[in-house]
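# Structure assessment
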Amino acid sequence: MVLPLVLLLGLFGLGSTAQWPTPRRDAAYPPPEMLAFLKPFGALCVKETGVTPGAIKRFGDEDIFDDDRALKCYMDCMFRMTNVTDDRGELHMGKLLDHVPHEFEDIALKMGVRCTRPKGKDVCERAFWFHKCWKQSDPVHYYLV
Ligand SMILES: *[C@@H]1O[C@H](CO)[C@@H](O)[C@H](O)[C@H]1NC(C)=O
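Residues numbered from 1 in each chain as written. Predicted model: local features only at pLDDT ≥ 70, side-chain atom pairs only at ≥ 80, totals over all residues.

### As for the packing of helix α4 (residues 69–81) against helix α7 (residues 123–137)
Between two packed helices, what matters for the description is the angle formed by their axes and the separation of those axes. Their axes nearest at 7 Å, the elements α4 and α7 cross at an angle of 85°. Considering their axes alone, α4 and α7 lie roughly perpendicular with respect to each other. Where α4 approaches α7, its residues R69, K72, C73, M75, D76 and F79 are matched on the opposing element by V123, C124, E125, A127, F128 and H131. Split into classes, the residues belonging to the contact of α4 with α7 amount to seven nonpolar, one polar and four charged. (Axes fitted to C-alpha atoms, helices over the stretch in contact; angles between N-to-C directions. Helix = DSSP H or I, 4+ residues; strand = E, 2+ residues; numbered from the N terminus. Parallel < 35°, antiparallel > 145°, perpendicular 65-115°, else oblique. Contact = placed C-beta atoms within 7 Å. Nonpolar A, V, L, I, M, F, W, Y, C, P; charged D, E, K, R; others polar.)

### Topic: helix α2 (residues 32–49)
Helix length check: α2 (18 residues) gives 25 Å between terminal C-alpha atoms against 26 Å at 1.5 Å per residue, within 8%. Where α2 bends most, at K39, the angle is about 35°, and the proline P40 comes one to four residues later. Those residues of α2 lying buried are G42, C45 and T49. Residues of α2 that are buried sit in contact with α4. Downstream of α2 by a residue or two, G50 has a phi angle that is positive, lying close to 75°. (Expected span 1.5 Å × (residues − 1). Bend = angle between axes of the 7 residues up to and from the residue. Buried ≥ 20, exposed ≤ 12 C-beta atoms within 10 Å, placed from the backbone.)

Fair warning: the whole summary comes from geometry, so function is off the table for now.
Encoded structure:
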């Protein structure tokens, strides 16, 4: 009985690699006020890092990929621009949550609860670590602007 089960799990695993649930994208989510708040900083950070809009969209709405240095630094730039970093330039979770509209606080808290010990050799790598962790934790509600 054990072997067929292992085989089944193996097949299921193979068949479901790189499958993400459909992200939630409607009139209420991502919150329009967040999108409006983030948009001008996004434009500045695209300029600063040279990231392509395609890379932002692909990571936000599709798959995780980790070979785009500009995207990682874009994520760090957005943290800096929105003042959610501490005096060492690292993400400060409390400051980030201050930006989240009240009705979405639970979603944000759950998404981030296990994402607290970033790894990476610099601020870009660590900003990316957070985004990757959030997307893996809640791919439906994760978004990247
Ligand atoms: C970030 O902090 C700077 C300096 O205190 C301030 O001028 C700026 O308005 C703040 N930006 C945001 C988005 O809170």
